[in-house]
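Secondary and tertiary structure notes
So you can see what is in the structure, the chains are spelled out below.
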Amino acid sequence: MPTPPTPDQLCAIEACRDAARRYCHGVDRLDGDVMRSAYWPDATDDHGTFVGNAHEFVDHCMTSHRRWTFTMHVITNHLVELDDDGIHARGEIYNISYLQRPTGELDVWFGRYLDTYERRGDEWRIAARTCVHE
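The sections below set out a description of the structure shown in this document. Sequence order as written defines the numbering, with residues in each chain counted from 1. Confidence filtering applies because this is a predicted model: local features only for residues at pLDDT of at least 70, side-chain atom pairs given and counted only at 80 or more, and all residues used for totals across whole chains, interfaces and linings. Each side-chain value is derived from all of the structure's non-hydrogen atoms; neither hydrogens nor water enter the calculation.

Looking at the sheet that holds strand 6 (residues 123-133)
Defined as follows: Pairs of strands are assigned from DSSP output, requiring at least two bridges between the strands. Secondary structure follows DSSP: runs of H or I at least 4 residues long count as helices, runs of E at least 2 residues long count as strands, and numbering of each begins at the N terminus. Convention adopted: a line fitted to C-alpha atoms gives each axis, helices being fitted over their contacting stretch, and angles between N-to-C directions are expressed from 0 to 180 degrees. Here, residues are in contact when the closest pair of their heavy atoms is within 4.5 Å.
Here we have six strands laid out as an open sheet, ordered 2-1-6-5-4-3, and mixed in their pairing. Each edge of the open sheet is held by one strand with a lone partner, namely strand 2 (51-53) and strand 3 (70-82). Neighbour-to-neighbour, the strand axes of the sheet open up by a mean angle of 20°, direction not taken into account. Sheet topology places strand 3 next to strand 4 (residues 88-100); eleven bridges connect them, and they run antiparallel. Residue pairing across strands places Thr76 opposite Tyr94, the latter belonging to strand 4. Packed onto the sheet, helix 1 (residues 7-28) meets strand 1 (39-46), strand 3, strand 4, strand 5 (106-120) and strand 6 and runs at close to 160° relative to strand 3. Packing against the sheet, helix 3 (residues 54-64) makes contact with strand 1 and strand 2, and its axis sits at approximately 70° to strand 1.

Here's what the structure looks like:
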């Protein structure tokens, strides 16, 4: 049987999940500041159509997502595994995104986010993200 996580480990796991939620909230509300707060400034993002600095990806999304009437990123099954060093973690998230076209048609996208999280000081953020299209 696995060893139960300590309270500090549970707080770290929740902080990683919070970063992922900030990403979703920011992209769905076209709030670049909130979305940016999910990533470290030197983080990378590989979304397939964009590969590079995560803060540049945020700027890309603030333009590209304006074509949708609304978007809704739904993340589930968020597994976070902490490394023994206490400053790195890995996560896998299932994602279903709903994207409504101006015509009213609804596109649905399925995929996963493979994240590397890093703690700097007392804060956890995404250091690297790969988006897997399913």
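Now that the structure has been shown, the text picks up again.
Some words on the nonpolar core
The following threshold applies: Among the buried residues, those of types Ala, Val, Leu, Ile, Met, Phe, Trp, Tyr and Cys that are joined through side-chain atoms within 4.5 Å form a nonpolar core. When accessible area is computed with a 1.4 Å probe and restricted to protein chains, residues below 20% of their type maximum are described as buried, those above 50% as exposed, and intermediate ones as partly exposed.
In this structure, Tyr23, Met35, Tyr39, Phe57 and Tyr117 are the most contacted members of the largest nonpolar core, which totals 28 residues. Elements that contribute at least two residues to this core include exactly helix 1, strand 1, helix 3, strand 4, strand 5 and strand 6. At eight residues, helix 1 tops the list of elements feeding residues into this core.

Here's the deal with the pattern of salt bridges
This is how the line gets drawn: We count a salt bridge whenever a side-chain nitrogen from Lys or Arg sits within 4 Å of a carboxyl oxygen from Asp or Glu.
Tallying each qualifying case throughout the model produces 14 salt bridges. Arg36 is the partner of Asp33 in a salt bridge, and the nearest nitrogen-oxygen pair spans 3.3 Å. Of this pair, Asp33 and Arg36 both sit in helix 2 (residues 32-36), three residues apart, which is roughly one turn of that helix. For Asp33, a relative accessible area of 61% puts it in the exposed group.

As for helix 1
Worth spelling out the cut-off: A helix is expected to span 1.5 Å multiplied by its residue count minus one.
Between its first and last C-alpha, helix 1 extends 31 Å over 22 residues, near the 32 Å set by a 1.5 Å rise per residue. Within helix 1, the full set of buried residues consists of Ala12, Ile13, Cys16, Ala19, Ala20, Arg22, Tyr23, Cys24, Gly26, Val27 and Asp28. Two residues or fewer after helix 1 comes Leu30, characterised by a positive phi angle close to 50°.

Some remarks on the pairing of strand 5
In this sheet, strand 5 lies alongside strand 4 in antiparallel orientation, the contact comprising 13 bridges. If you follow Gln100 over to strand 5, its bridge partner there is Leu106.

As for unusual backbone geometry
Unusually for a residue other than glycine, Leu30 sits at a positive phi of about 50°. With respect to the element layout, Leu30 can be found in the loop between helix 1 and helix 2. One non-glycine residue, Asn77, adopts positive backbone phi at about 45°. Judged by relative accessible area, which is 55%, Asn77 ranks as exposed.

Some thoughts on the packing of aromatic side chains
This is how the line gets drawn: We call Phe, Tyr and Trp rings a pair once their centres come within 6.5 Å, taking the six-membered ring for Trp, and we label the pair stacked below 30 degrees between planes, edge-to-face above 60, and tilted otherwise.
With the rule as written, the count across this model stands at three aromatic pairs. On the basis of an interplanar angle of 90° and a centroid distance of 6.1 Å, the ring pair of Tyr23 and Tyr39 is categorised as edge-to-face. With Tyr23 in helix 1 and Tyr39 in strand 1, this residue pair connects regions lying 16 residues apart in the sequence. Each member of the pair, Tyr23 as well as Tyr39, is classed as buried.

So far we have only geometry, and geometry alone does not tell us how the molecule works.
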